[in-house]
Amino acid sequence: MVHGIRLHAVGGPDRLTWEQIEVGAPGPGEVRIRQRAAGLNYIDVYHRTGLYPLANLPAVIGMEGAGDVVAVGEGVTSFTVGDRVAYGTELGGYAEERLIKADRLVKLPDGISYETAAAAMLAGMTARYLLRETYKVGPGTVLLFHAAAGGVGLIACQWAKALGATLIGTVSTDEKAEIARAHGAHHVIVTSREDFVQRVREITDGEGCHVVYDGIGKDTFPRSLDCLRRKGLWVSFGNASGPVPPFELTQLKGSLFAARPSLMAYTATHAELDENAQDLFQMVLSGAIKISVNQTFALKDTAEAHRALEARKTTGSTVLTI
Ligand code: NDP
């Protein structure tokens, strides 16, 4: 028996309970991992509250982790016992040990620690596909990134800088603004005292951005659309403040584009997952991207970590230690 955090019914952080869990032997195509660190991400909140309904409850939630392979199931040829591995798209992460499909795993390069992987797999692969695939950000791109001091945000600031783009970030406090700037944001708007639409207009000389990345949702809709130039792309990729309400397509003003992407869909095949992860590892190993683990909580205290994330008290990545 090992321990993990189980969700029995949707609700507040107090619904996350530390329990003994049975893991079992890996089935065909699966491996068993002894986890060394797990990640905390906003999607965990959506699973906990029921915004993203789970197929079955009770469930061990959490989508991200890193550790060592301790057993392999029938037909698994790409991993062996002792391999250092990580993942960011598979439910079941809040546990000391877990089973996982081998095709959802990647091997960890020597220079990447378990903690860095648990902090970066989900947020880093997300920043990567948003900036390199959903919109091909490059030199000359002007982009707005909401929650720029968050987990995805701090990685996006650095990645956008490495691509030669101009990133305008939004944050809620001056402390977060400092952190976003230190990670490469060119301009930072403090939403508690500045109107982000007006500031974007000023910063871009009235032009607006090529692309807006919005993980905040309800509170920033539809004003994010007002930050775009003609034919610009609005990327709605999350709901930290609640979901975007249904809207009329005419709100796209005759030339805007809208996208609602997800990491799971962008890394649905192992080849896509591997390409994305290798690109992320390369950026980290080269020093272009530093993964900021600004909070750690013991896995048994995951409820506290949820409270901090929802109260907007965290910056960068949060790791659950095991
Ligand atoms: P963050 O670390 O960015 O935390 C969320 C941040 O959102 C807060 O720190 C806060 O920053 C901001 N925020 C604004 N309004 C609210 C509110 N009402 N309640 C809480 N937070 C608020 O989280 P993640 O990096 O884990 O995720 C960022 C976003 O990206 C989330 O929406 C998440 O769902 C989404 N996401 C989507 C993926 C996809 O593939 N579609 C994959 C990964 C993440 P501030 O105080 O500065 O405003």
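Coordinates for the structure precede this section.
Notes on the structure in this doc start here. (Residues numbered from 1 in each chain as written. Predicted model: local features only at pLDDT ≥ 70, side-chain atom pairs only at ≥ 80, totals over all residues. Heavy atoms only, no water.)

Examining the overall build of the protein chain
Our working definition: The helix count covers DSSP runs of H or I at least four residues long, the strand count covers runs of E at least two residues long, and both are numbered beginning at the N terminus. Buried residues are those whose accessible area, probed at 1.4 Å on protein chains only, stays under 20% of the maximum for their type, while exposed residues exceed 50% and partly exposed ones sit between those limits. Residue contacts are defined here by distance: any two heavy atoms, one from each residue, within 4.5 Å place the two residues in contact.
Counting secondary structure elements, the protein chain contains eight helices and 16 strands. The dimensions of the protein chain, computed from C-alpha atoms along their principal axes, are 60 × 40 × 35 Å. Within the span of the protein chain, comprising 322 residues, buried residues form 55% of the whole. Sequence separation of 24 or more characterises 67% of the internal contacts of the protein chain that already satisfy a separation of 6 or more.

A short note on the layout of surface pockets
Stated precisely, the cut-off is as follows: Two kinds of site are reported from a 1 Å grid over the protein atoms alone, namely cavities, where a 1.4 Å probe fits but cannot get out, and pockets, open sets with protein on both sides within 12 Å along at least five of seven lines, and residues are called lining when an atom falls within 4 Å of a point. Grid points are joined across faces, edges and corners, and a volume is the space filled by probe spheres set on the points. The residue classification treats Ala, Val, Leu, Ile, Met, Phe, Trp, Tyr, Cys and Pro as nonpolar and Asp, Glu, Lys and Arg as charged. All others, Gly included, are polar.
Space inside the largest pocket adds up to approximately 1,100 Å³. The wall of the largest pocket is formed by 50 residues, among which Tyr42, Tyr46, Ala147, Gly215 and Ala240 lie closest to the centre. At the level of secondary structure, the elements contributing two or more residues to the lining of the largest pocket comprise helix H1 (42–49), helix H2 (114–134), helix H3 (151–162), strand E10 (166–171), helix H6 (263–266), helix H8 (302–310) and strand E16 (317–321). At five residues, the largest contribution of residues to the lining of the largest pocket is made by H2. Split by residue class, the lining of the largest pocket holds 23 nonpolar, 19 polar and eight charged.

With respect to the pattern of salt bridges
Selection rule: Whenever Lys or Arg places a side-chain nitrogen within 4 Å of a carboxyl oxygen from Asp or Glu, that contact is recorded as a salt bridge.
Considering all chains together, one arrives at 19 salt bridges under this definition. In this structure, glutamate 97 engages arginine 32 in a salt bridge whose closest nitrogen and oxygen atoms are separated by 2.7 Å. Linking glutamate 97 in strand E7 (residues 97–101) with arginine 32 in strand E3 (residues 30–40), this pair joins segments that are 65 residues apart in sequence. The burial state of glutamate 97 is the same as that of arginine 32; both residues are buried. By sharing partners, the salt bridges in this structure join Arg128, Arg132, Glu133, Glu275 and Asp279 into a single network.

Keep in mind these values describe shape, not function.
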